[in-house]
Amino acid sequence: MEEENETLTTDFILSGLFPNMKYVSILVYIIILIYLAAVTGNFFLLLLIWMDLSLHTPMYFLLSQLSLIDLALISSTVPKMMVNFFSGRKDITRAACGTQVFFFFTLGGAECILLTLMAYDRYVAVCNPLRYAVIINHGVCLQMVVVSWTGGILASTAHTFYTMSLPICHSREIHHFFCEMPAIMKISCKDTSIYEVVVFVMGICFIIIPFGFIMASYMLIFHTVLHMKSPQGRSKTLAICFSHLTVVSFYLGPCIYMYMTPGSSHTPDQEQAVSVFCTVLTPMLNPFIYSLRNKDVLGAFQKVLRKHPVFKWTTYISRWKTVI
């Protein structure tokens, strides 16, 4: 009992990103570039939605929340990983570890709920366009955001409290590059089998049920799109839907693998690979997925370039280089 009480106040050690990998430094530099691209892309998308009035719609308001979540998600793990790598230190305080667990689950839960509500928004816009402005009004949009963040915070509070109260009786080394619940559970000397069932049930609530709602929404959307007479309307709707479904598959797919399958079936390297995909790669891809095939975002970007002198000067320089 004395040993357990002592370990509850002891700092943890993070093994780092793929500790057995030979050229891990190359991967770290790649992740730094991805982090910079993710911060730039999401911040620019947020700025564009704020500056252009044509993007002041429910869909882009929800998209701005997704960018905000992605910014916070990647910033909750990568900076600490970089500090540990370049300083050579592997320790993390218990408070910092708990903070990472809390933000990871808050942001992850909020994103699952938000992606579901974004699918509902598209369902109403496509299948019930005449009543869209009435059903998805400003108040409803705010309620969607509040529900997303509140759901994430409530689930995260429960997970964080339990995870950080687990006694660590032996090694304090977490085989991960940040504090994640499955990795902490593996070094605990307490039987966590009952809690794994709780995690599975929470996974059904936050992953499987939202995924089912999203798929049902898009089946109805595609059925409506097939009966559209306008080729332009059909292609625009399909482009937006394709972007959303891509983001959903990139995010929920790895989550199903991580939280809906037994933790004993995962190796530390597999868990790290999935975490890198979810917390690093996906936040970088999301703004590009939503903007590259989206004519509204590209049109807003061109308007901003024409309006603001700084962007005009950038455009002039790029054209001048092209001529040369």
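Our subject in this report is the structure included herewith. (Residues numbered from 1 in each chain as written. Predicted model: local features only at pLDDT ≥ 70, side-chain atom pairs only at ≥ 80, totals over all residues. Heavy atoms only, no water.)

Glancing now at the environment of glycine 203. Assignment of secondary structure puts glycine 203 in helix α9 (residues 193-226). Through-space distance from the C-alpha of glycine 203 to that of threonine 261 is 9.9 Å; in sequence the pair is 58 residues apart. (Helix = DSSP H or I, 4+ residues; strand = E, 2+ residues; numbered from the N terminus.)

Between α9 and helix α10 (residues 231-259), the least distance of the axes is 11 Å, while the angle of their chain directions is 160°. Here α9 is positioned roughly antiparallel relative to α10, judged by the angle of their axes. Here α9 and α10 pass one another in a crossing that is left-handed. Between α9, through Val199, Phe200, Ile207, Ile208, Phe211, Ile214, Met215, Tyr218, Ile221, Phe222 and Val225, and α10, the contact on the second element is made entirely by Arg234, Thr237, Leu238, Cys241, His244, Leu245, Val248, Leu252, Cys255, Ile256 and Tyr259. Partitioned by chemical class, the residues of the contact of α9 with α10 number 19 nonpolar, two polar and one charged. (Axes fitted to C-alpha atoms, helices over the stretch in contact; angles between N-to-C directions. Parallel < 35°, antiparallel > 145°, perpendicular 65-115°, else oblique. Left-handed = near helix turned anticlockwise from the far one by under 90°. Contact = heavy atoms within 4.5 Å. Nonpolar A, V, L, I, M, F, W, Y, C, P; charged D, E, K, R; others polar.)

The terminal C-alpha atoms of helix α12 (residues 295-307), which comprises 13 residues, lie 18 Å apart, in line with the 18 Å expected from a rise of 1.5 Å per residue. Every buried residue of α12 is accounted for by Val297, Ala300, Val304 and Leu305. One side of α12 holds all its buried residues, which, seen down the axis, span an arc of 140°. Facing away from the buried surface of α12 by more than 90 degrees, the exposed residues are Lys295 and Arg306. (Expected span 1.5 Å × (residues − 1). Buried < 20%, exposed > 50% of the residue type's maximum accessible area, 1.4 Å probe, protein only. Arc of directions from axis to C-beta.)

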